[in-house]
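Remarks on the overall topology
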Amino acid sequence: MGSLNILALNSGSSSLKFGLYRVDSTGAEKLLGESVATTEQADAITQVASVLAASGMLPPDAIGHRIVHGGPALRQHCRIDDAVLRQLQAAVALAPLHAPAALALIRFAQVHFPGVPQVACFDTQFHVGLPDVARVLPIARELQSAGIQRYGFHGLSLESIVRQLGNALPENLVIAHLGNGASITALKAGLSIDTSMGMTPSGGVIMGTRSGDLDPGVLVYLMREKNFDAARLEALVDQRSGLLGISGLSSDMRRLHEAAASNSDARLAIEMFCYSVRKQVAAMLAVLGGLDMLVFTGGIGENDARVRAEICAGLAWIGISLDESRNSAVSSPISDGASRCQVLVLASQEDEQIARHAWALFA
């Protein structure tokens, strides 16, 4: 198969990133890319179509979508048809912050680009091979058959880091994808062997508005003593916790930095975020039996030198040390010559991974 123009759509709850790529067997070339801030997927896809038309680009040969969670039935990237749409709808409860927007985007894309084939690319696919010791959750055995297990997320981002490392891929690697959603993953020879998120993208480290790991007894208490129902619990865990819940101010790390000098809750939110990331990195070190490289990616991981420095300062006991000037300049490696393992900052390239997978399904 020759080259194809692939439109990659990466939908969030309040924005849409998209990129147009020319993909062939040798790789992917980015032709166009933007981010659209909107809560209405119909408006977003209309803007995408307008940008493509204004650029003089031909309509895409195929469209690829980032799908956070496809449930137990959908773990492999696939072409989208009616059966796949039904399965995606059935999995909405597993990723309520992301799935409704992604489904709406697929449907509007079908209207605006009639006849153009669409592809679903799953964040959970990268973690399909998790060993049982990491995949199985410590709950009653009969519930496991219902698909209640650790799935893991940010798979497209993790794949992009592995691809970028190429021949420099180490045996023991930890990737810290830090953004509004955040996860820490241990990779052995490029394969995921453990990751901080669980059945849903709500678990693991503290995030922008998500609690991360939380004593389940807290939820039971809120149900029994405070009359919380499922909707209130979901809103608490996914939308009112994390950096926003701790600070009472914002889920945006940039705003918290601005306020930290005079706001103790903002300082605490930053400290707790870095603390939770350090704990997970250390846990993954135990899983791997050693650490050759730590990679920061995601919006915070790529752009916040102060957060990277604070996380790594707490990991000095394992021999990590940063070069302050290289960290500030985001010049990888950001570790210094005395560091026992390399520390890098690499850009997450989820959209390119979507384009590559979509092309492969037609090759």
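See the structure printed just above.
Presented here is an overview of the structure given in this document. (Residues numbered from 1 in each chain as written. Predicted model: local features only at pLDDT ≥ 70, side-chain atom pairs only at ≥ 80, totals over all residues. Heavy atoms only, no water.)

So, about the sheet that holds strand E5 (residues 78-79). Overall, mixed pairing links the six strands, which are arranged E3-E2-E1-E4-E6-E5 in an open sheet. The open sheet is flanked by strand E3 (27-37) and E5, the only strands paired with a single partner. Of the strand pairs in this sheet, strand E4 (residues 62-67) and strand E6 (residues 118-122) are connected by five bridges, and their pairing is parallel. Paired with histidine 65 across the strands is alanine 120, a residue of E6. (Pairing = 2+ DSSP bridges. Helix = DSSP H or I, 4+ residues; strand = E, 2+ residues; numbered from the N terminus.)

This paragraph deals with the sheet that holds strand E8 (residues 182-188). Two orientations exist for strands paired in a sheet by backbone hydrogen bonds: parallel and antiparallel. The strand order across the open sheet formed by five strands is E9-E8-E7-E10-E11, and the pairing between neighbours is mixed. The open sheet has two edge strands, strand E9 (191-195) and strand E11 (342-345), and neither has a second partner. Geometrically, the sheet is characterised by an average inter-axis angle of 25° between neighbouring strands, direction not taken into account. Sheet topology note: the strand E7 (residues 172-178)/E8 ladder contains seven bridges and is antiparallel. Bridged to valine 174 within E8 is alanine 186. (Axes fitted to C-alpha atoms, helices over the stretch in contact; angles between N-to-C directions.)

A large share of helix H15 (residues 350-360) lies buried, amounting to nine of its eleven residues. Among all positions in H15, only Glu350, Asp351, Glu352, Gln353, Ile354, Ala355, His357, Ala358 and Trp359 are buried. (Buried < 20%, exposed > 50% of the residue type's maximum accessible area, 1.4 Å probe, protein only.)

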